[in-house]
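# Overview (structure and organization)
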Amino acid sequence: MKIFIETDMEGVAGVLDHDNWCQPAGEQYPGRYYDLGREFLTREVNAAVSGFYEAGATEVVVSDGHGAGGINPAVLDARAWLARGWGGWPSELDESFDAVAWIGQHAKAGTLYAHLAHTQWFNYLDQSINGISIGELGELAVCASELGIPSILATGDEALVREARALIPGIITVAVKRGMTRDDGSALTTDEYMHHNLGAIHRHPEVARQLINKAAYEALSKLRAQSKGWGIIQLRAPYEHITRLRPDKPGDSYRIDKAQHPTSVIGVMNAPWHPEPYQP
Ligand SMILES: [Zn+2]
């Protein structure tokens, strides 16, 4: 059994904000705890890698999906392969994989009670495929579904867990923290939205890892017992992908991008990008 793990930083227990924990120190961000954030993510990933091997995995590929990089290769479980470098959708996934999992994933832009919610960058208001709103989890999950690969495990904050369960039938989930922000931030600019969803109550990182280890074991065991009937998003061609963007700063316009593809959801995800101004 060959497993693909997509990773991100904002949905990791103990990762408290964007500017200090998810970005390297430099002119733009203080990045005080970025190295610790990468270690926390990598240790959550290791917990999943162990759980998958205990349940019979033969190969695990870990994709570093965080913009600035989130995996510390020196800490990563030696049994895992590490994938990095963007070549378009479906990332490094192909038909040779038996299952997809997410570790450290955050909820989509505009989600209530989500910690560090966003999609791609903090400029997204929303993104949909055939009218179904999706975030970063959904982007890869729709591609995996087209390839016939089930999505079996997702870990992140409670809002990400709600999102995963609503989108993917039967998926196993772990919530490692709970976001506290009570409004969706739809009226905010990109910069304001980046600092909008900072409140959360976190599990201890060690407890989060124990839960993730158990859930990974459970998810792959479930797949080995029941290979069909769960983990796949049912979509029908033709496909339309719509993305709406918020103003980057006061006075900028909202923008919208629309793309169509007659037969392939992977095709529409890779369509050329030409957002145009619009009035919401
Ligand atoms: Zn992300």
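First, a word on scope: everything that follows refers to the structure included in this document.

Reading the values: rules and limits
Residues numbered from 1 in each chain as written. Predicted model: local features only at pLDDT ≥ 70, side-chain atom pairs only at ≥ 80, totals over all residues. Helix = DSSP H or I, 4+ residues; strand = E, 2+ residues; numbered from the N terminus. Rg over C-alpha atoms; globule rule 2.2 N^0.38 Å. Buried ≥ 20, exposed ≤ 12 C-beta atoms within 10 Å, placed from the backbone. Contact = placed C-beta atoms within 7 Å. Pairing = 2+ DSSP bridges. Core = buried A, V, L, I, M, F, W, Y, C linked by C-beta atoms within 7 Å. Expected span 1.5 Å × (residues − 1). Axes fitted to C-alpha atoms, helices over the stretch in contact; angles between N-to-C directions. Right-handed = clockwise from strand over helix to strand, strands pointing away.

Moving on to the overall build of the protein chain. Within the protein chain, the secondary structure is distributed over 6 helices and 12 strands. A globule of 280 residues ought to have a C-alpha radius of gyration of about 19 Å, and the protein chain, at 18 Å, matches this closely. Expressed as lengths along the three principal axes of its C-alpha atoms, the size of the protein chain is roughly 55 × 45 × 30 Å. The buried share of the protein chain, taken over its 280 residues, is 47%. Looking at the protein chain alone, contacts between residues at least 24 apart form 68% of all its contacts between residues at least 6 apart.

The antiparallel open sheet is built from 5 strands, whose spatial order is 6-5-10-11-12. With partners counted over all chains shown, the strands left at the sheet margins are strand 6 (132–133) and strand 12 (276–278), one partner each. Relative to strand 10 (residues 239–245), strand 5 (residues 124–129) is paired through 5 bridges, and the arrangement is antiparallel. Note on strand 10: the bridge partner recorded for Asp126 is Arg244.

In this section: helix 2 (residues 136–146). The element helix 2 is largely enclosed, with a buried count of 11 among its 11 residues. Considered for burial, the residues of helix 2 that qualify are Glu136, Leu137, Gly138, Glu139, Leu140, Ala141, Val142, Cys143, Ala144, Ser145 and Glu146. As for helix 2, its buried residues are in contact with strand 1 (2–7), strand 4 (99–105), strand 5, strand 7 (151–157), helix 3 (158–167) and helix 6 (265–269). Directly after helix 2, the chain includes Gly148, whose backbone phi takes a positive value near 80 degrees.

So, about the pairing of strand 11 (residues 254–261). When strand 10 meets strand 11, the two strands line up antiparallel, connected through 7 bridges. By the bridge assignment for strand 11, Glu240 is matched with Gln260. In this sheet, strand 12 lies alongside strand 11 in antiparallel orientation, the contact comprising 3 bridges. Note that in strand 12 the partner of Ile256 across the bridge is Glu276.

This brings us to the nonpolar core. One finds Ala48, Val100, Ala101, Ile152 and Ala216 to be the most contacted residues of the largest nonpolar core, which totals 74 residues. For this core, the element with the highest residue contribution is helix 1 (residues 34–54), accounting for 9 residues. Not counting the four nearest positions on each side in its chain, Ile152 is found in contact with Ala99, Val100, Ala101, Ile171, Ile172, Ala219, Leu220, Leu223 and Gly231.

To continue, consider helix 5 (residues 205–225). Residue pairs spaced three or four apart in an α-helix point in one direction, given the helix's 3.6 residues per turn. With 21 residues, helix 5 should reach 30 Å at 1.5 Å per residue; the first-to-last C-alpha distance of 30 Å fits that figure. Among all positions in helix 5, only Ala208, Arg209, Ile212, Asn213, Ala215, Ala216, Tyr217, Ala219, Leu220, Lys222 and Leu223 are buried.

Let us look at the sheet that holds strand 9 (residues 200–202). Here we have 7 strands laid out as an open sheet, ordered 3-2-1-4-7-8-9, and mixed in their pairing. Here the strands that pair on one side only, and so sit at the sheet edges, are strand 3 (81–83) and strand 9. On average, adjacent strands in this sheet sit at an angle of 25 degrees to one another, irrespective of strand direction. Where strand 1 lies against strand 2 (residues 59–64), 6 bridges are found, and the strand directions are parallel. Considered in strand 2, the bridge of Thr7 is made with Asp64. In this fold helix 1 packs onto strand 1, strand 2, strand 4 and strand 7, with an angle of close to 150 degrees to the strand it touches most, strand 4. In this fold helix 2 packs onto strand 1, strand 4 and strand 7, with an angle of close to 175 degrees to the strand it touches most, strand 4.

Right, let's get into the environment of Ala175. Mapped onto the secondary structure, Ala175 falls in strand 8 (residues 172–179). Residue classification places Ala175 among the partly exposed residues on the basis of 19 C-beta atoms within 10 Å. With 130 residues separating them in the primary sequence, Ala175 and Val45 have C-alpha atoms 14 Å apart. Not counting the four nearest positions on each side in its chain, Ala175 is found in contact with Asp157, Glu158 and Val161.

For the rest of this paragraph, the subject is unusual backbone geometry. Residue Pro90 follows Trp89 across a cis peptide bond; omega there is 10 degrees. A cis amide bond links Ala237 to the next residue, Pro238, at an omega of 0 degrees. Tracing the sequence through the fold places Pro238 in the loop between helix 5 and strand 10. A positive phi angle is found at Ser91, which is not glycine, with a value near 60 degrees.

Before going further, it helps to spend a moment on the pairing of strand 2. With respect to chirality, the unit in which strand 1 leads through helix 1 into the neighbouring parallel strand 2 is right-handed. Bridge count for strand 2 against strand 3 is 3 bridges, and the pairing is parallel. By the bridge assignment for strand 3, Ser63 is matched with Ala83.

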